[in-house]
Amino acid sequence: SAEKTFTVSEVLDLGAGKPPAETLIRAEAVPILTDCKLLANKAILKGDVLLKNLYASDVTAGSMEQVRHEIPFSQIVDVDGLNDEWQCEVFLDILSSDIHISVNQNGESCLLSVSIKIAAQIQCYRSGAAEVVTDAYSALCPLKLETARLDTRHLTAVRRETSVLKETFELPPDGVSEVVDVWCEATPLAQRCEEGKAYIDGRLLISMLARDPGGAVAYYERPADFTLEFEERCDSMTADLHVMEVEYAILGGKVELRLELDVVRCCYADDGCMAVTALAADEGAAFPREKAALKICYAGAGESIWDIAKRCRTSMEAVMEENGLPGEVLSEDTMLLVPLC
């Protein structure tokens, strides 16, 4: 894992045809990762900061304007031991943002000075095999085993995608003459995987600035629950998401919302086994020595050579070598010659 803090700074024009600004009412910055390239001991992050700003062009008249910008960024993050065989998930968080109105060369308030501090956190995963002792025995005496459950998790995929969510915002009973701005915050609350599908259950906080019939601007907010569904075969999942775009339309006494979400999902395959944590030999209760050198054993298809060797108090390798067995599980009913220790 690694972390890096960096600052994105820019001076932006409000845009052609936009009137000068008197005051900034609302500023929103959303960091979106578009690419993560892995090199030796480094990760190169590329993305955009989406800026959505609402300003008043005439405070007395209550005139407001919306402007949107995208500021690209590229950062190199040092991660010891990293190479292109790993998988990475990247989280971007806004630590602070300083957005204010500035004047241009003509003395007009037509510029936005932007300074945004972002924290990038990278979690890196590499899949590999680990040897675990699940059983043990002795051909000479009984063993006392202590075991514990060992749960494992294997990262199968990191998926970044755009999801569309539609919701309805009920207008106030007294009505509105104009919707000035709508924005949303989305919070994932739970993730679940069921029958080849993955689900994210979350909550929206829908916020709206609107003019009432008298022309005054009022603020409204409503919570709403949502569920996102994905085609995915996994045992468990973690998720992170951001609202990128909010489109709205007034239909009757409602506002119909269409949201675009940037969703990052980490999908896992869960497994586990009982692992031996300690063992002790009861040397005082040694098994009696066998008088014969070989024993005949009738075994069925699907039986494990380990279990046969354990039952006969000999080694698995000796059974396989004596009978020329190609694998550790019998494919058919077989009569075995079992060498005895």
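Our structure is the block above this text.
Residues numbered from 1 in each chain as written. Predicted model: local features only at pLDDT ≥ 70, side-chain atom pairs only at ≥ 80, totals over all residues. Heavy atoms only, no water.

(A) Inspection of the overall build of the chain at higher detail. For the chain, the count of helices and strands is two helices and 14 strands. Relative to the 2.2 N^0.38 estimate, which gives 20 Å for 341 residues, the radius of gyration of the chain is 32 Å and therefore markedly larger than a compact globule would have. Per-residue burial over the chain gives 38% buried out of 341 residues. Pairs at least 24 apart in sequence give 73% of the contacts found in the chain among residues at least 6 apart. Taken as two groups, the 31 positive and 58 negative side-chain charges of the chain have centres that lie 4 Å from each other. (Helix = DSSP H or I, 4+ residues; strand = E, 2+ residues; numbered from the N terminus. Rg over C-alpha atoms; globule rule 2.2 N^0.38 Å. Buried < 20%, exposed > 50% of the residue type's maximum accessible area, 1.4 Å probe, protein only. Contact = heavy atoms within 4.5 Å. Lys, Arg positive; Asp, Glu negative; His and termini not counted. Charge placed at Lys NZ, Arg CZ, Asp CG, Glu CD.)

(B) View of helix α1 (residues 305-312). Turning to α1, its buried residues number three or more, namely I305, I308, A309 and C312. Looking down the long axis of α1, one finds its buried residues gathered within 95 degrees of arc, a one-sided arrangement. Close packing links the buried residues of α1 with β13 (294-299), α2 (316-323) and β14 (334-339). N-cap assignment for α1: the residue whose side-chain oxygen lies 3.1 Å from the backbone N of W306 is S304. (Arc of directions from axis to C-beta. Polar contact = N/O pair within 3.5 Å; in protein donor to acceptor, adjacent residues only side chain to side chain.)

(C) Region of the structure containing the sheet that holds strand β5 (residues 87-102). Read from one edge to the other, the open sheet built from three strands follows the order β1-β6-β5, with strand pairing classed as antiparallel. Edge positions in the open sheet fall to β1 (2-13) and β5, since each of these has one partner strand only. Shown here is a sheet whose adjacent strand axes are inclined to one another by a mean of 20 degrees, direction ignored. Where β5 lies against strand β6 (residues 111-125), 15 bridges are found, and the strand directions are antiparallel. Across the sheet, S97 pairs through a bridge with I116, a residue of β6. (Pairing = 2+ DSSP bridges. Axes fitted to C-alpha atoms, helices over the stretch in contact; angles between N-to-C directions.)

(D) View of the pattern of salt bridges. For the structure shown, the criterion picks out 22 salt bridges. Here K18 ties to E65 by a salt bridge, and the two come within 3.3 Å at their closest N and O atoms. Here E65 lies in strand β4 (residues 63-78) and K18 lies in the loop between β1 and β2 (23-39), a separation of 47 residues in the sequence. It is possible to trace a salt-bridge network through shared partners that takes in R159, E161, E232 and R265. (Salt bridge = Lys/Arg side-chain N within 4 Å of Asp/Glu carboxyl O.)

(E) Local environment of the layout of surface pockets. In this structure, the largest pocket encloses a volume near 370 Å³. The wall of the largest pocket is formed by 18 residues, among which E28, A29, V30, E185 and H242 lie closest to the centre. The set of elements that each furnish at least two residues to the lining of the largest pocket consists of β2, β5, β8 (178-194) and β11 (236-251). Looking at the lining of the largest pocket, its residues break down into 12 nonpolar, two polar and four charged. Computed from the structure, the second largest pocket encloses a volume of approximately 280 Å³. As for the second largest pocket, its lining consists of 16 residues, of which G128, A129, A130, T152 and R153 are closest to the centre. Looking at the lining of the second largest pocket, the elements that each hand over two or more residues are β7 (143-170) and β12 (254-281). Among the elements that line the lining of the second largest pocket, the one with the most residues is β7, at five residues. (1 Å grid on protein atoms, 1.4 Å probe; cavity = no way out; pocket = protein on both sides within 12 Å on 5 of 7 lines; lining within 4 Å. Points joined across faces, edges and corners; volume = space filled by probe spheres on them. Nonpolar A, V, L, I, M, F, W, Y, C, P; charged D, E, K, R; others polar.)

(F) Inspection of a nonpolar patch on the surface at higher detail. A grouping of L294, I296, Y298, M335 and L337 is seen on the molecular surface, where their side chains present a nonpolar patch of about 530 Å² in accessible area. Mapped by element, the contributors of at least two residues to the nonpolar patch are β13 and β14. The element contributing the most residues to the nonpolar patch is β13, with three residues. Relative to the assigned elements, Y298 resides in strand β13. By relative accessible area, which is 65% here, Y298 ends up exposed. (Patch = residues over 30% accessible without salt bridge, like charges linked within 9 Å, V, L, I, M, F, W, Y side chains within 5 Å. Areas by Shrake-Rupley, 256 points an atom, 1.4 Å probe, with all protein chains shown as cover.)

(G) A look at unusual backbone geometry. Unlike most non-glycine residues, N41 shows phi in positive territory, near 65 degrees. Its identity is not glycine, yet R313 carries a phi of approximately 60 degrees, on the positive side. Turning to its location among the elements, R313 is positioned in the loop between α1 and α2.

(H) Fine view of the pairing of β12. Across 27 bridges, the pairing between β7 and β12 is antiparallel. By the bridge assignment for β12, H154 is matched with A269. Relative to β12, β11 runs antiparallel, the two being bridged by 15 bridges. Residue pairing for β12: V246 is matched across the bridge by L259. The hairpin formed by β11 and β12 contains two residues between the paired strands, and G252 there has a positive phi angle of roughly 65 degrees.

(I) Quick look at empty space enclosed by the protein. Applying the stated criterion across every chain yields a total of two cavities of 30 Å³ or more. In this structure, the largest cavity spans a volume of roughly 90 Å³. Lining the largest cavity are 13 residues, and of these R26, K52, R68, D181 and V182 lie nearest its centre. Residue assignment for the lining of the largest cavity shows that the elements contributing at least two residues are β2, β3 (42-58), β4 and β8.

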